[in-house]
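# Close look at the chain arrangement
Here is what each chain is made of, one letter per residue.
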Amino acid sequence: MSVINTRGLRQRGLKGWRTVERYFDMAFGSALNPLRHLGTIGFLALWLLAASGVLLYVLYGTSVDGAWLSVEGLAHLPMGLGRLLRGLHRYAADLLMLGVSLHVLREWLHGHEQGARRFHWLTGVPLLVFCSMSAIGGFWLAWDRLGQYSALSTAEWLDALPLLASPLARNFLSHASFNDRMFSLFIFVHVGLPLLLLFGLWFHIQRLAHVAMLPPRRLAFGVILALALLALARPVLSHAPAALDQVPAQLRLDWLLLWLHPLTDATSPGFTLALAGAAVLVLLALPFLPRTPRPAVAVVDPKNCSGCTWCSDDCPYAAITMAPHPDHPGHLLAQVDADLCTSCGICAGACPSSTPFRAGQRLVTGIDMPQLPIDALRRRLHAGLATSKEERPIVMFSCRHGASDAHLRGAGPRGADLHVIELLCAGQLPPSFIEYAMRHGAAGVLVAACREGGCEFRLGERWMAQRLMRQRMPQLRIHASAVPLQLAFAGPGEEPLLDQALHGLRERIPAMSPHMSMNANEAIH
Amino acid sequence: MKPSTDPIVAGTPRSRPAGPVRWLGQFLLYGLFAVFIGVFTQWPPYHPLGADQALIKVSVARLGQPVGECRRLSDEELAKLPPNMRDPIRCPRERSPLSMEVHVNGARMLKRVAEPGGLSKDGAAAIYERLVVPAGKQQISVRFNDDVRPGARIYEYDADVTLAPGQVLVIDFDAEKGGIVLL
């Protein structure tokens, strides 16, 4: 498939994904939208698997005769506790596979497999394999007809690889050839691989800052409740005990986890091995496909860096570290790791030196983006307001990854009073720019960010909102309620939300005074 | 004026739907998720084999016989060897491939030759095949050979078996039990 076709496919897929996401927004609100928390939902599923797995292992009999009896015995524990435990374990595994698969799809649709995020993608691919293998291995432990079918099918599948002198499937020829030691192998696959998975996860998130290991509490509660109710309403029950001299007549197959077996039956082990291998290779190759040139990364100006650490604290990708300042003993200096920087500009928005009130023809801040420096933002803001002929001009700071502002730009009834200043990310906006706009004639300011939880750079919209709400440094100095300021969270395709926000702001402006004090929390009427 | 920790402006209306709509939407989506998981983890039922079919597994794994005879080295040949390697008997390292044919009701269902493993072809060879056959009476005929030397024995086994639907019949080779065995 050509690169162009891949791009077209991705764009169409992304459009469809965003449409589905919007429906979820309507129900959950954007901050709790599960489609924006797929990674942490995967973590939640893993913790559920670990907790229920420990309890199940305590009750498990590790032998040919004991395995089926111990698992079947769960169905007879009082108050349905065994069914709840087993159901939670199985359905959490389904959730893990579903969540992780959707997580991979979402990241690919957003183009996150390339650039600085290549590391996360490449470390994530093996995790997908570990998840699948350990999930399949779990069925063997029950040692019922389904476990027998899955274990034998997996053995026959692996035998297509010319690795072993004696086929693995020979272990399942008859009861005489099958012994308790096989359960040590089963347990290694089902318990050992998840330990590798945890180790791999550590790598996967190592280059991220402010990592959430669980989804928001309400979402986590909803997911656990849904799984628990499902476990009780549709319990996971064992098939008849394994019988190696019989092929199971009918199986209640978990198609989400065991789809590989029927596909192998319908084709051949060689075909599905090639398919699985090709899928892994394609996933590993995606980050290396041709792409648009990587944008410039953040640059530190030692003369203007105060060593405050705010940029380092706010960088979502841990790309900024603080090192001793070479010229000022006892002071710190920000350092950017170009390999980790995603060029979001959140650091520039965090820098206290990014205030436009500083004197000087050219505004040089402590850390800046060469492709859209803070100085250029000030110039555009200044030029827009200086040339405005409108009585009540409005300034809009707009994230380029959010809803499109193209229809609002330029002259015309909708945008004559509007001056749009595009940002790399909403987090690039230093709060002092809002004060500066008001001081230089803006009647109102609209800040347009991505949906809550939907920031292209993970945390930009959150940091920006916290700064403006005076919960995070650098804070908006003036009191929020004294400013004709509107915040809009709107993703691509949600342009009507921008219109709505702009309309709301225009309605509020006549009621507010155009003059304000620069003393915090005061307004002059 | 009190310090502000309140949101500057509430999010846009569509991002915060009204209570009942929101709860109903969440209920529906959680329900859909549960139904999806609940259904596709147990349905549709899968039948690994047809209702009137049985399975014959042909499975042999063993070390074939050497490809040639052992011979005694002459005194001259022994003298040329280092003292620690003067074994008077020299056998070829390479092993014979395994060769197997299975006929069911006179029709050939399998003909396989499995080469020995290893770079020097001195490892074991293995044959593993699944043959799906109709359930019921079957006449099975097996020919097996693990020795390419002239005049080597060809193991043959003929049997009439009745296979129940879903039954697994294993054809193996066990030298201690005289050759081909059915399990």
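Residue positions are given per chain, counting from 1 as you read along its sequence in written order. Lettering of chains starts at A and numbering of ligands starts at 1, both following the order in which they are written. Note on the predicted model: pLDDT of at least 70 is required for a residue's local features to be given, and 80 or more for side-chain atom pairs to be given and counted; whole-chain, interface and lining totals, by contrast, use all residues. With hydrogens and water stripped out, all remaining heavy atoms of the structure feed into the side-chain values.

## Comments concerning the packing of aromatic side chains
Two aromatic rings, drawn from Phe, Tyr or Trp (for Trp, its six-membered ring), form a pair once their centres lie within 6.5 Å of each other, and the interplanar angle then sorts them: stacked below 30 degrees, edge-to-face above 60, tilted otherwise. Scanning all chains against the criterion turns up 24 aromatic pairs over all chains. On the numbers, 5.9 Å between centres and 45 degrees between planes, the contact of Trp143(A) with Phe186(A) is tilted. Here Phe186(A) lies in helix H7 (residues 181-204) and Trp143(A) lies in the loop between helix H5 (118-142) and helix H6 (145-159), a separation of 43 residues in the sequence. Between Phe144(B) and Tyr155(B) the ring centres are 6.2 Å apart and the planes differ by 40 degrees, which places this aromatic pair in the tilted class. Residue Phe144(B) is located in strand E7 (residues 136-145), and its partner Tyr155(B) is located in strand E8 (residues 155-163); the two are separated by eleven residues in the primary sequence. Numbering of helices and strands runs from the N terminus, with a helix taken as a DSSP run of H or I at least four residues long and a strand as a DSSP run of E at least two residues long.

## Some remarks on the confidence of the model for chain B
Residue and element names in this part refer to chain B. Looking at any residue, its pLDDT shows the predictor's confidence there, from 0 to 100. Confidence along chain B averages 90 in pLDDT terms, with 90% of residues attaining 70 or more. What makes two residues a contact is simply this: any of their non-hydrogen atoms within 4.5 Å. Across residues 1-15, confidence stays below pLDDT 50; counting only partners more than four residues off in sequence or on other chains, it has 36 contacts. Prediction confidence for the complex, expressed as pTM and ipTM, is 0.90 and 0.89 respectively.

## Brief notes about the sheet that holds strand E4 (residues 98-104) of chain B
Residues and elements named next belong to chain B. By definition, two strands form a pair when at least two bridges between them are found by DSSP. Strand order in the open sheet formed by four strands is E5-E4-E7-E8, and the pairing between neighbours is antiparallel. Strands with a single pairing partner mark the edges of an open sheet, and in this sheet they are strand E5 (107-114) and E8. For this sheet, the mean angle separating the axes of adjacent strands, direction not counted, is 15 degrees. Two elements, E4 and E5, share seven bridges in a ladder whose sense is antiparallel. What sits directly across from His103, in E5, is Arg108. Between the N-to-C directions of two axes lies an angle of 0 to 180 degrees, each axis being a line fitted to C-alpha atoms and, for a helix, fitted only over the stretch in contact.

## Considerations on the pattern of salt bridges
Salt bridge criterion: a side-chain nitrogen from Lys or Arg within 4 Å of a carboxyl oxygen from Asp or Glu. Under the definition given, this model contains 26 salt bridges over all chains. In this structure, the salt-bridge partner of Arg451(A) is Glu494(A), at a minimum N-O distance of 2.8 Å. Of this pair, Arg451(A) sits in the loop between strand E7 (444-449) and helix H16 (460-468) while Glu494(A) sits in the loop between strand E8 (485-489) and helix H17 (495-508), and the two are 43 residues apart along the sequence. There is no split in this pair, since Arg451(A) and Glu494(A) are both buried. Between Glu129(B) and Arg112(B) there is a salt bridge whose closest N-O contact spans 2.6 Å. Of the two residues, Glu129(B) sits in strand E6 (residues 125-134) while Arg112(B) sits in strand E5, which places them 17 residues apart along the sequence. Using a relative accessible area of 25% as the deciding quantity, one classes Glu129(B) as partly exposed. A 1.4 Å probe rolled over the protein chains alone gives each residue an accessible area, and that area as a share of the maximum for its type sets the label: buried under 20%, exposed over 50%, partly exposed in between. According to the relative accessible area criterion, Arg112(B) is partly exposed, its value standing at 25%. Residues joined by salt bridges that share partners form a network here, namely Glu21(A), Asp25(A), Arg36(A), Arg106(A), Glu107(A), Arg451(A) and Glu494(A).

## A word on the interface of chain B and chain A
At the junction of the two partners, chain B supplies 51 residues and chain A supplies 69 residues. Taking both sides of the interface into account, the surface hidden between chain B and chain A amounts to around 5,200 Å²; carbon and sulfur atoms contribute 61%. Taken together, the links from chain B to chain A amount to two salt bridges. Between Asp172(B) and Arg170(A) there is a salt bridge, and its shortest N-O distance comes to 3.4 Å. Any pair of nitrogen or oxygen atoms within 3.5 Å is treated as a polar contact; in protein, a donor-acceptor pairing is required on top of that, and neighbouring residues in sequence qualify only through side-chain atoms on both sides. Our count for the contact surface shared by chain B and chain A stands at 17 residue pairs in polar contact (both at pLDDT 80 or more). Of all elements in the fold, only helix H1 (19-40), strand E1 (53-62), E6 and strand E9 (168-174) of chain B reach the threshold of two or more residues within the side of chain B that touches chain A. With 13 residues, H1(B) is the single largest residue contributor to the side of chain B that touches chain A. Here the side of chain B that touches chain A is composed, by residue class, of 30 nonpolar, 13 polar and eight charged. Accessible area, probed at 1.4 Å, shrinks when two parts are joined; the buried area is that loss added up over both. Amino acids are sorted into nonpolar (Ala, Val, Leu, Ile, Met, Phe, Trp, Tyr, Cys and Pro), charged (Asp, Glu, Lys and Arg) and polar (every other residue, Gly among them).

## A word on the nonpolar core
Formed by 91 residues in total, the largest nonpolar core has its most connected members in Phe28(A), Trp143(A), Phe172(A), Phe178(A), Phe183(A), Phe186(A) and Leu227(A). Within the second largest apolar cluster, 58 residues are counted, among which are Val395(A), Phe397(A), Met438(A) and Val483(A). Within this scheme, the nonpolar core is defined by two criteria: the residues are buried Ala, Val, Leu, Ile, Met, Phe, Trp, Tyr or Cys, and they are joined through side-chain atoms within 4.5 Å.

## Topic: the sheet that holds E1(B)
Residue and element names in this part refer to chain B. Judged by pairing direction, the sheet is mixed, and its four strands sit side by side in the order E6-E1-E9-E10 without closing on themselves. Each edge of the sheet is formed by a strand with only one pairing partner; in this case those strands are E6 and strand E10 (179-182). The sheet shows a mean angle of 15 degrees between the axes of neighbouring strands, taken without regard to direction. Where E1 meets E9, four bridges bridge the pair, whose relative direction is parallel. Bridge assignment links Val58 to a residue of E9, and that residue is Ile171.

## With respect to a nonpolar patch on the surface
Residue and element names in this part refer to chain A. Taken together, Trp47, Val191, Leu195, Leu198, Val211, Met213 and Leu214 make up a surface patch of nonpolar side chains, about 560 Å² in accessible area. Top element by residues in the nonpolar patch is H7. It accounts for three residues. Mapped onto the fold, Val191 is located in helix H7. By relative accessible area, Val191 is classed as partly exposed at 38%. The residues that make up patches have over 30% relative accessible area and no salt bridge, and they are joined within 9 Å when like-charged or within 5 Å when they are Val, Leu, Ile, Met, Phe, Trp or Tyr. Using a 1.4 Å probe, accessible areas were evaluated by the Shrake-Rupley method; residue-level cover was limited to the displayed protein chains.

## So, the environment of Tyr23(A)
All names here are of chain A. Relative to the helices and strands, Tyr23 resides in helix H1 (residues 3-28). The exposure class of Tyr23 is exposed, given its relative accessible area of 56%. For the pair Tyr23 and Asn33, spaced ten residues apart in the sequence, the C-alpha separation amounts to 9.5 Å.

## Details of the state of the cysteines
Our working definition of a disulfide is a cysteine sulfur pair at a distance within 2.5 Å. Considering all chains together, one arrives at one disulfide over all chains under this definition. Here Cys70(B) engages in a disulfide with Cys91(B); their sulfurs sit 1.9 Å apart. Across the S-S bond of Cys70(B) and Cys91(B) the torsion is about 105 degrees, and the bridge reads as right-handed. Here the residue Cys70(B) occupies a position in the loop between E1 and strand E2 (71-72), and Cys91(B) occupies one in the loop between strand E3 (89-90) and E4, the gap between them amounting to 21 residues. Not engaged in a disulfide, the cysteine Cys351(A) finds its nearest cysteine sulfur in Cys308(A); these two sulfurs lie 6.0 Å apart.

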